[in-house]
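As a plain string of letters, each chain reads:
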Amino acid sequence: MNKISSELGIAIRKRRNELNYSQEELAEKSKLHRTYISDVERGNRNVTIITLSKILLALNLSFQEFFSIYYPIKGENHE
């Protein structure tokens, strides 16, 4: 697990919880498996841009909204 994956997972979980979605609901909406969503939220997966777009679409977020509100990068070292 790396810091980027971990922070990305935390941000996705935060938005999922705001929408009161279970992992199962997010998985269904994003057409991914529930265990994959769980792995992403725990930072155990390196998500591709295509998979991230599926998740963000299911969370009703654009990339711009996600990266400005839920996962702002402020010049920190994300190694």
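In case you missed it, the structure is sitting above this.
Model, not experiment: these values are computed from the prediction.

Participant: So, the overall build of the chain: which residues are in play, and what are the values?
Facilitator: In terms of regular secondary structure, the chain is built from five helices and zero strands. Reading the chain from its N end, one meets helices and strands in the order α-α-α-α-α. Across the chain, the fraction of contacts at a sequence separation of at least 24, relative to all contacts at a separation of at least 6, is 59%. Of the accessible surface of the chain, which amounts to about 4900 Å², a share of 51% is contributed by carbon and sulfur atoms.

Participant: Can you tell me about unusual backbone geometry, naming the residues and giving the values?
Facilitator: The backbone of Asn20 sits at a positive phi, close to 60 degrees, despite the residue not being glycine. Turning to its location among the elements, Asn20 is positioned in the loop between α1 (3-18) and α2 (23-30). Although it is not a glycine, Lys31 adopts a positive phi angle of roughly 60 degrees. Mapped onto the fold, Lys31 is located in the loop between α2 and α3 (34-41).

Cut-offs applied
Residues numbered from 1 in each chain as written. Predicted model: local features only at pLDDT ≥ 70, side-chain atom pairs only at ≥ 80, totals over all residues. Heavy atoms only, no water. Helix = DSSP H or I, 4+ residues; strand = E, 2+ residues; numbered from the N terminus. Contact = heavy atoms within 4.5 Å. Areas by Shrake-Rupley, 256 points an atom, 1.4 Å probe, with all protein chains shown as cover.

Everything listed is a geometric property; what it means functionally is a separate question.
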